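Residue-level structural notes
These are the residues of each chain, in order.
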Amino acid sequence: MNNDYLLSKPYLINSEDLTSEDIAAIFEKARYFLEDYPKQRKFTDLKGITVALAFFEPSTRTKLSFELAAKRLSADTISFASSSSSLTKGESLIDTLRTIEAMDVQMYVVRHANSGVPKFLQENTRGVILNAGDGKHEHPTQALLDSFTLWRHFGRVEGLKVCIAGDILHSRVARSNINVLKTLGAEVALCSPGTLLPRYLNPWNVKLIESIDDAIEWADVLLMLRLQRERMESGILPSIREFSKFYGVSLEQFSRKPDLVLMHPGPVNYGIELDYRVSSFPNCLIQTQVTHGVFIRMALLSLLSKFVAV
Ligand code: CP
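Residues numbered from 1 in each chain as written. Predicted model: local features only at pLDDT ≥ 70, side-chain atom pairs only at ≥ 80, totals over all residues. Heavy atoms only, no water.

**Considerations on the state of the cysteines**
Here is the idea: a disulfide is a covalent bond, and it sits between the sulfur atoms of two cysteines. Evaluation of the coordinates by the stated rule reveals zero disulfides. C163 takes part in no disulfide bond, and the closest cysteine sulfur, belonging to C191, lies 5.2 Å away. Look at C191 and you get buried, because its relative accessible area is 0%. (Disulfide = S-S within 2.5 Å. Buried < 20%, exposed > 50% of the residue type's maximum accessible area, 1.4 Å probe, protein only.)

Structure below.
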């Protein structure tokens, strides 16, 4: 492992910020942490650094795994919850950032319901910003942990046929995954009802597959997405039951191709995107994705800590 490697950008806002060399360095670092953690339990990469976990939108996996990652690297952490902050008294986002900066915080993990907030913060701070999911825009750390999971499972990402299925329109996970998978040389397809594709159809110029049966037949990997009802205008789907019937994966469909690898970023709407019984199949990697999330976020914090101003 090259310990001197510097990522091409001193922050992580978009998956497009990452070159294939960056991704290779992140995977190598994550693999090192994954394999050494059982022996070492604690690393010192972030000793003396404070990380703010600024989640303006709910999260279980991303928030907890970033917190754990920072702690395993010996960082100090502070948690910011917008609902119990002075934002509720009218303080602006930029004043909130200035306030946290004044407490000598160097790294910021930001989730926000509005696309563009992590970029706005990055343009207004000397701190290091990591995007933990912004609106419908990007979720780059999720895409990295998804591809890392494939890299560990298959020994490569290049040449894999990955179909991303479900609610593409509202999905930051889809946007980030398409970029990272294409950078790594995977073949990417989408399977979704027309109303859940972006208005300017297929801006990524990837293959479109109409039925979930055809997607299962074509793909090595099916990456299911959550139906994001909280971001959905009414009338976009005839009914949830119909979506589930035509775009969900049943036990019977999965059983027809047991070597198909199934992934989902979570949280899963079981019974809508996926039959619950499918989750216990060995090729269903949902829990592995969660485990890998901690090591990918350790790798990113460690590599980006090299840009902390001293
Ligand atoms: N995959 C994901 O971002 O999950 P959380 O919303 O629980 O963080």
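Read on for the rest.
**Remarks on the site of the ligand**
Around the ligand, the neighbouring residues are S59, T60, R61, T62, R111, H139, Q142, P265 and G266. In the model, an oxygen atom of the ligand is placed 2.9 Å from a nitrogen or oxygen of the H139 side chain. Within the backbone of P265, one N or O atom sits 2.9 Å away from a nitrogen atom of the ligand. In isolation the ligand exposes 260 Å². Once the protein is present, 92% of that is buried. The residue makeup of the shell around the ligand, split by class, is one nonpolar, six polar and two charged. (Near = heavy atom within 4 Å. Polar contact = N/O pair within 3.5 Å; in protein donor to acceptor, adjacent residues only side chain to side chain. Areas by Shrake-Rupley, 256 points an atom, 1.4 Å probe, with all protein chains shown as cover. Nonpolar A, V, L, I, M, F, W, Y, C, P; charged D, E, K, R; others polar.)

**Some remarks on the nonpolar core**
M107 and I164 are the most contacted members of the largest nonpolar core, which has 64 residues in total. Residue contributions to this core peak at nine residues, all from helix 10 (residues 286–304). Each residue touching I164, except ones within four places of it in the same chain, is listed here: A174, N177, I178, L181, V188, A189, L190, C191, L223 and L225. With 29 residues, the next largest nonpolar core counts A165, C191, L196 and I236 among its residues. (Core = buried A, V, L, I, M, F, W, Y, C linked by side-chain atoms within 4.5 Å. Helix = DSSP H or I, 4+ residues; strand = E, 2+ residues; numbered from the N terminus. Contact = heavy atoms within 4.5 Å.)

**Notes on the domain arrangement of the protein**
Assigned domains within the protein: domain 1 (15–138 + 291–307) and domain 2 (140–289). The centre of domain 1, based on its C-alpha atoms, is set 25 Å off from the matching centre of domain 2. Each partner contributes residues to the interface: domain 1 has 33 residues there, and domain 2 has 27 residues. Between domain 1 and domain 2, the buried area comes to about 2,500 Å², and carbon and sulfur atoms account for 62% of it. Summed over the shared surface of domain 1 and domain 2, the result is two salt bridges. Between R152 and E35 there is a salt bridge, with its nearest N and O atoms 3.3 Å apart. Our count for the domain 1 to domain 2 interface comes out at 14 residue pairs in polar contact (both at pLDDT 80 or more). Mapped by element, the contributors of at least two residues to the side of domain 1 that touches domain 2 are helix 1 (20–40), helix 2 (61–72), strand 3 (107–112), strand 4 (128–134) and helix 10. In terms of residue count, the dominant contributor to the side of domain 1 that touches domain 2 is helix 1 (nine residues). (Domains from an automatic or database assignment. Buried area = accessible area lost by both parts, 1.4 Å probe. Salt bridge = Lys/Arg side-chain N within 4 Å of Asp/Glu carboxyl O.)

**Remarks on helix 5 (residues 140–154)**
The first and last C-alpha atoms of helix 5 sit 21 Å apart over 15 residues, in line with the 21 Å expected at 1.5 Å per residue. Counted residue by residue, helix 5 has eleven buried out of 15 residues, so it is predominantly covered. Restricting attention to buried positions, one finds in helix 5 the residues P140, T141, Q142, A143, L144, L145, D146, S147, F148, T149 and L150. A positive backbone phi angle near 80° is found at G155, which sits one or two residues after helix 5. (Expected span 1.5 Å × (residues − 1).)

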